[in-house]
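Chains, contacts and geometry: an overview
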Amino acid sequence: MPTIVVDVMPKAELLDPQGKAVAGAFARLGISDFAGVRIGKRFELAVEGEVTDELLTEAKRVADEILSNAVIEDVVGIEVVE
């Protein structure tokens, strides 16, 4: 069964308090290999049947209108995983 994966991230210009908290925890634990952390959301849309261009267009619409808040988030990826 194919799955359409939608990745949503906070807009780059906005503060990411969860990411900042994780970055702070890394520092406290002595982990210094990472310059920063941003936390987003991943949605997996299960599909019965074939993933068509029309279905991908619908997934993009749903991602933009329902799965993300356009004021503070960007849809950064939509991919099909078999």
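What counts as what
- Residues numbered from 1 in each chain as written.
- Predicted model: local features only at pLDDT ≥ 70, side-chain atom pairs only at ≥ 80, totals over all residues.
- Heavy atoms only, no water.
- UniProt positions renumbered as here; feature names shortened; annotations may be inferred.
- Helix = DSSP H or I, 4+ residues; strand = E, 2+ residues; numbered from the N terminus.
- Expected span 1.5 Å × (residues − 1).
- Buried < 20%, exposed > 50% of the residue type's maximum accessible area, 1.4 Å probe, protein only.
- Arc of directions from axis to C-beta.
- Contact = heavy atoms within 4.5 Å.
- Pairing = 2+ DSSP bridges.
- Axes fitted to C-alpha atoms, helices over the stretch in contact; angles between N-to-C directions.
- Patch = residues over 30% accessible without salt bridge, like charges linked within 9 Å, V, L, I, M, F, W, Y side chains within 5 Å.
- Areas by Shrake-Rupley, 256 points an atom, 1.4 Å probe, with all protein chains shown as cover.
- Salt bridge = Lys/Arg side-chain N within 4 Å of Asp/Glu carboxyl O.

Going by the annotation in an unreviewed UniProt entry, the name recorded for the chain is Phosphoribosylformylglycinamidine synthase subunit PurS, with Microbacterium jejuense given as the source organism. The UniProt entry for the chain carries the following comment under Pathway (unreviewed entry): "Purine metabolism; IMP biosynthesis via de novo pathway; 5-amino-1-(5-phospho-D-ribosyl)imidazole from N(2)-formyl-N(1)-(5-phospho-D-ribosyl)glycinamide: step 1/2."

Some remarks on helix H2 (residues 53-67)
Between its first and last C-alpha, H2 extends 19 Å over 15 residues, near the 21 Å set by a 1.5 Å rise per residue. Of all the positions in H2, only Ala59, Val62, Ala63 and Leu67 are classed as buried. Along the axis of H2, the buried positions cluster into a sector of 105°, meaning they face one direction only. Those residues of H2 that are exposed and aimed more than 90 degrees away from the buried face are Asp53, Glu54, Thr57 and Glu65. Elements in contact with the buried residues of H2: strand S1 (3-10), strand S2 (41-46) and strand S3 (73-81).

Notes on the sheet that holds S2
A sheet is described by the order of its strands in space; here three strands give the open sequence S2-S1-S3, paired in antiparallel fashion. The two strands at the open ends of the sheet, each matched to only one other strand, are S2 and S3. Strand after strand, the sheet turns through a mean of 20° between neighbouring axes, direction not considered. Strand direction decides the pairing type here: S1 and S3, joined by eight bridges, are antiparallel. Within S3, the residue paired with proline 10 across the bridge is glutamate 73. Together, S1, S2 and S3 form the strand contacts of H2, whose direction differs from that of S3 by roughly 150°.

Some remarks on a nonpolar patch on the surface
Together, Leu14, Val71 and Ile72 make up a nonpolar patch on the protein surface, roughly 250 Å² of accessible area in all. Residue position: leucine 14 is located in the loop between S1 and helix H1 (17-28). By relative accessible area, leucine 14 is classed as partly exposed at 32%.

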